[in-house]
Amino acid sequence: MANRKRTLKIGLTSAAAAGLIVLVVVFLQLRNQQGASLPIPMPAAKALMTLAKVHQTATKDGKVQWELDADSAQLEANGGRMILTAPKVKFHMEDGTLVNLTAEQGILHTSNNDMKVTGRVRLHNNQYTLTTEVLVYLHDQRLLKSDAPVRIESSTASLRADRMTYDLTQNRAQFEGQVEGDLHERPAI
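Caption draft 1: Molecular detail of the layout of surface pockets. In this structure, the largest pocket spans a volume of roughly 200 Å³. Together, 16 residues line the largest pocket, and Tyr128, Ile152, Leu159, Ala173 and Phe175 are the ones closest to its centre. Residue assignment for the lining of the largest pocket shows that the elements contributing at least two residues are β8 (128-138), β10 (150-154), β11 (157-161), β12 (163-167) and β13 (172-176). A per-class count over the lining of the largest pocket returns 10 nonpolar, 5 polar and 1 charged.

Caption draft 2: Broad picture of the environment of Val179. Here Val179 shows up in the loop between β13 and β14 (180-183). Taking C-alpha positions, Val179 is 4.3 Å from Ala161, a pair spaced 18 residues apart along the chain. Val179 has contacts with Leu159, Arg160 and Ala161, leaving out every residue within four places of it along the chain.

Caption draft 3: Quick peek at the nonpolar core. In this structure, Trp66, Phe91, Leu101, Leu144 and Tyr166 are the most contacted members of the largest nonpolar core, which totals 30 residues. Excluding residues that lie within four positions of it along the chain, Trp66 makes contacts with Gln56, Thr57, Ala58, Val89, Lys90, Phe91, His92, Leu108, Asn113, Met115, Tyr137 and His139.

Caption draft 4: Inspection of the confidence of the model for the protein at higher detail. Overall, the prediction assigns the protein a mean pLDDT of 82, with 74% of residues at 70 or greater. The low-confidence segment residues 22-28 (pLDDT under 50) makes 0 contacts with residues lying over four places distant or belonging to another chain. Low confidence marks residues 31-44, where pLDDT is under 50. Its contacts with residues over four positions away, or in another chain, come to 3 contacts.

Caption draft 5: Summary view of the pattern of salt bridges. Under the definition given, this model contains 9 salt bridges. Between Arg81 and Glu76 there is a salt bridge whose closest N-O contact spans 3.0 Å. A relative accessible area of 17% places Glu76 in the buried class. Notably, a salt bridge pairs Arg160 with Asp182, separated by 3.5 Å at the nearest N-O pair. Highlighted residues: Arg160 in strand β11 and Asp182 in strand β14, separated in sequence by 22 residues.

Caption draft 6: Examining the packing of aromatic side chains more closely. Using the criterion set out here, one finds 2 aromatic pairs in the structure. Aromatic side chains Phe91 and Tyr137 sit 4.8 Å apart centroid to centroid with 50° between the ring planes, which places their arrangement in the tilted category. With Phe91 in strand β4 (residues 88-92) and Tyr137 in strand β8, the pair connects residues that are 46 residues apart, well separated along the chain. You can call Tyr137 buried: its relative accessible area is 2%.

Caption draft 7: Summary view of the pairing of β8. Two strands pair when backbone bridges link them, and strand β7 (residues 115-124) and β8 are joined in this way by 8 bridges, in the antiparallel orientation. From the neighbouring strand, Thr118 faces β8, where its bridge partner is Val134. Hairpin connection, β7 to β8: the antiparallel pair is bridged by 3 residues. For β8 and β10, the ladder comprises 4 bridges, and the chain directions are antiparallel. Bridge pairing in β10 places Tyr128 opposite Ser154. Sheet topology note: the β8/strand β9 (residues 143-146) ladder contains 3 bridges and is antiparallel. Bridging from a neighbouring strand, Leu138 pairs with Leu143 of β9. The hairpin turn running from β8 into β9, its antiparallel successor, is 4 residues long, and Arg142 in that turn takes a positive phi close to 55°.

Conventions and cut-offs
Each chain has its residues counted from 1, running along the sequence as written. Per-residue local features are limited, in this predicted model, to residues with pLDDT of at least 70; the limit for side-chain atom pairs, both in listing and counting, is 80 or more; totals at the level of whole chains, interfaces and linings are taken over all residues. Excluded from the side-chain calculation are hydrogens and water; included are all heavy atoms of the structure. We place a 1 Å grid over just the protein atoms. Points where a 1.4 Å probe fits but has no way out form a cavity, open points with protein on both sides within 12 Å along at least 5 of 7 lines form a pocket, and any residue with an atom within 4 Å of a point lines it. Grid points are joined across faces, edges and corners, and a volume is the space filled by probe spheres set on the points. Secondary structure elements are defined from DSSP: runs of H or I of at least 4 residues count as helices, runs of E of at least 2 residues count as strands, and each element is numbered from the N terminus. Gly falls in the polar group here, along with every residue not listed as nonpolar (Ala, Val, Leu, Ile, Met, Phe, Trp, Tyr, Cys, Pro) or charged (Asp, Glu, Lys, Arg). By the convention used here, residues are in contact when the closest approach between their heavy atoms is within 4.5 Å. Buried residues of nine kinds, namely Ala, Val, Leu, Ile, Met, Phe, Trp, Tyr and Cys, make up a nonpolar core once their side-chain atoms join them within 4.5 Å. The buried label goes to any residue with under 20% of its type's maximum accessible area, the exposed label to any with over 50%, and the partly exposed label to all in between, with areas taken from a 1.4 Å probe on protein chains only. Each residue carries a pLDDT score, the predictor's own confidence in it, on a scale running from 0 to 100. One side-chain nitrogen of Lys or Arg within 4 Å of one carboxyl oxygen of Asp or Glu is enough to make a salt bridge. A pair of Phe, Tyr and Trp rings is counted when the ring centres sit within 6.5 Å of each other, with Trp represented by its six-membered ring. The angle between the planes then sorts it: under 30 degrees is stacked, over 60 is edge-to-face, the rest tilted. In short, DSSP must find at least two bridges between two strands for them to pair.

Pasting the structure below:
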């Protein structure tokens with residue numbers, strides 16, 4: 001009787017182990033077949049690594065210059081660049097206010113912290129909103145530049161220009177090319 005129980009126990013254990021091995025093999029084969037049919041995106045094929053939910057902060061003399069968040073980032077193996085998806089940047093101003101930037105894509109040069117963002121670029125603070133398609137950030141100079149047309153909206157005015165340079169240190173913008181603006185009447189209180 002004891003031998004029979006022992007034989008039954010060994011048989012059931014062996015069957016469970018064999019079933020588990022078959023299950024793992026089937027799972028791995030299905031996974032490989034599905035993975036083989038999915039194309040690898042071009043930037044990912046050149047990427048050293050791909051990261052999800054990225055956060056990076058740049059500081060100078062102990063002060064935060066900007067904070068970057070992105071849905072994903074691909075670090076290129078040879079160029080020292082991060083290709084960003086849906087970047088969001090908070091630029092910290094001297095007076096403690098923030099200038100917020102959003103875009104569809106971006107590139108961060110990891111050697112010097114310069115950035116270029118494209119696709120529905122939106123730059124805003126508590127006074128105005130700027131929209132354009134391409135914006136470059138030069139970190140050492142703390143400049144935001146756009147050679148693409150820009151549009152700025154506030155509660156009191158709207159402005160359109162062919163090009164713009166925004167100095168974050170001095171909180172001053174310069175517009176070039178064909179510049180047009182409209183002043184809005186303030187509502188009576």
